[in-house]
Every structure is written in structure tokens, then in C-alpha cells.
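Architecture and fold: a report
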Amino acid sequence: AQRVTQPEKLLSVFKGAPVELKCNYSYSGSPELFWYVQYSRQRLQLLLRHISRESIKGFTADLNKGETSFHLKKPFAQEEDSAMYYCALSGLGMPGGYNKLIFGAGTRLAVHP
Amino acid sequence: DAGVTQSPTHLIKTRGQQVTLRCSPKSGHDTVSWYQQALGQGPQFIFQYYEEEERQRGNFPDRFSGHQFPNYSSELNVNALLLGDSALYLCASSPLAGGLGYEQFFGPGTRLTVL
């Protein structure tokens with residue numbers, strides 16, 4: 001079965017501290033992993049995806065197939081990073097083979113001044 | 001482009017009633033997916049529509065049904081509402097048949113409360 005696990009409901013850090021939001025997945029096929037972010041009073045939006053290998057707003061995430069993880073990292077947190085972060089899984093081999101997303105429960109990141 | 005739009009914003013229904021939620025995809029998008037987000041949970045995939053047909057379905061009962069119109073807009077219908085159907089319902093659209101690699105853009109959601 002396909003599953004995404006985000007073990008932390010809340011991650012609280014001070015401005016300038018490093019951040020790591022954990023994501024583990026379970027999927028037997030070839031996965032596509034995403035991080036979505038929801039800022040206060042805004043809609044869910046894509047932050048980054050593993051195939052792009054981009055750094056967005058200072059965030060990076062590396063797909064580790066051996067550990068089935070896709071942790072989100074940022075070396076120096078900013079107050080404007082405070083938001084809800086969701087890890088999501090899609091990929092070939094899923095029924096239908098289309099871009100259905102399977103989400104984790106989310107982690108709330110709170111960055112304090 | 002307003003992006004993905006959904007209506008209504010909020011809705012209150014009682015158990016046993018039926019509800020219809022609406023979604024207009026982002027301009028140029030032809031594929032619409034619906035998700036249910038219960039309080040404190042991540043979004044859960046309900047189903048996806050392309051070319052006016054349901055082509056993928058998540059683990060939801062037949063009480064949940066949908067429709068896609070020729071202009072790509074979509075409706076989500078829920079019959080015989082249960083208290084557990086109270087949630088935020090999200091619509092997402094993507095271009096080019098929703099193939100892998102195409103980003104899904106989300107709407108603001110419709111908050112459904114079942115009393």
C-alpha cells in the first residue's frame with residue numbers, strides 16, 4: 001500500500017536555526033515526491049518536487065530510496081517560513097498511472113523571532 | 001487568471017441531506033481532482049476527472065460522485081451526508097491529461113459542516 005508518514009505534527013524553531021521536516025514513504029513502484037506548503041489564509045501550493053532538484057526559498061529535499069525518505073531541509077529558518085508543510089507521493093505503477101497525490105498528515109513549522 | 005476557483009466557500013448541511021460542490025479549473029487545465037481534508041489530516045484523494053469521465057477513484061463510497069462538464073469545470077456530489085463527511089473539500093487541476101510530472105494547482109476549498 002502507498003503511504004506517507006510525517007512523524008512530527010509540530011516543529012518549533014528559532015529564526016536562523018536549521019530546519020528538517022521529516023517525510024517517509026511506502027511505495028513499491030517508482031515514486032515521485034513533492035512538498036506542498038500552506039501559509040496562513042492561503043491555498044495549498046507546490047513548494048518543490050524531487051525531479052526538479054531545485055532549491056526553493058532556501059529549501060531543499062533529497063529523495064533517498066534506500067531509506068524511503070524525502071526530508072525537507074533549510075539551513076537558516078526565517079519567520080516567513082512558518083506554515084503547514086505536507087509531503088506527497090505520486091508515481092508510475094499507481095492504479096490509473098496518473099498524478100493522484102497521497103499526502104502525509106502534515107507538519108506545522110513555527111519559526112519564532 | 002484567478003486560478004482554481006471553488007464554490008461555495010462554506011456550507012452547513014444536516015445528516016441525510018445531499019450536497020453539490022463546484023470547481024472551475026485553472027485556465028488551460030483539463031484534469032480535475034477532488035480531495036477531502038479532515039481536521040488535522042492531510043488531503044485524501046477522492047477521484048479524478050478527465051474528458052468528462054472519472055478515471056481514478058480513491059477509497060470513498062459510492063455516496064461520493066462527480067461530474068465534469070465540457071468546459072472542464074467539475075462538481076462533487078455527496079449523498080446521504082454523515083457527520084464524518086464534515087471536512088474541507090479541495091479541488092485541484094492540472095494540464096495535459098494530468099500526466100505524471102504536471103503540477104496540480106489547488107483551489108481554496110469548500111468547508112462542509114454536517115450537523
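Treat the numbers as computed from the prediction; the structure is a model and nothing was measured.

For the rest of this paragraph, the subject is the pairing of strand β11 (residues 110-114) of chain B. Residue and element names in this part refer to chain B. Along β11, the buried face is formed by Thr110, Leu112 and Val114; none of Arg111 and Thr113, which line the opposite face, is buried. Where strand β2 (residues 10-13) meets β11, four bridges bridge the pair, whose relative direction is parallel. Within β11, the position partnered with histidine 10 by the bridge is arginine 111. Pairing of strand β9 (residues 87-94) with β11, which is carried by three bridges, proceeds in the antiparallel orientation. The residue bridging leucine 88 from the neighbouring strand is arginine 111, located in β11.

Turning to the sheet that holds strand β1 (residues 5-7) of chain B, a few remarks are in order. Residues and elements named next belong to chain B. A sheet is described by the order of its strands in space; here four strands give the open sequence β1-β3-β8-β7, paired in antiparallel fashion. The open sheet has two edge strands, β1 and β7 (64-68), and neither has a second partner. Here the strands of the sheet are splayed against their neighbours by 20° on average, with no regard to which way each runs. Where β7 lies against strand β8 (residues 74-78), five bridges are found, and the strand directions are antiparallel. Along β8, the bridge assignment pairs phenylalanine 64 with valine 78.

What counts as what
- Residues numbered from 1 in each chain as written.
- Chains lettered and ligands numbered in written order.
- Predicted model: local features only at pLDDT ≥ 70, side-chain atom pairs only at ≥ 80, totals over all residues.
- Heavy atoms only, no water.
- Buried < 20%, exposed > 50% of the residue type's maximum accessible area, 1.4 Å probe, protein only.
- Helix = DSSP H or I, 4+ residues; strand = E, 2+ residues; numbered from the N terminus.
- Pairing = 2+ DSSP bridges.
- Axes fitted to C-alpha atoms, helices over the stretch in contact; angles between N-to-C directions.

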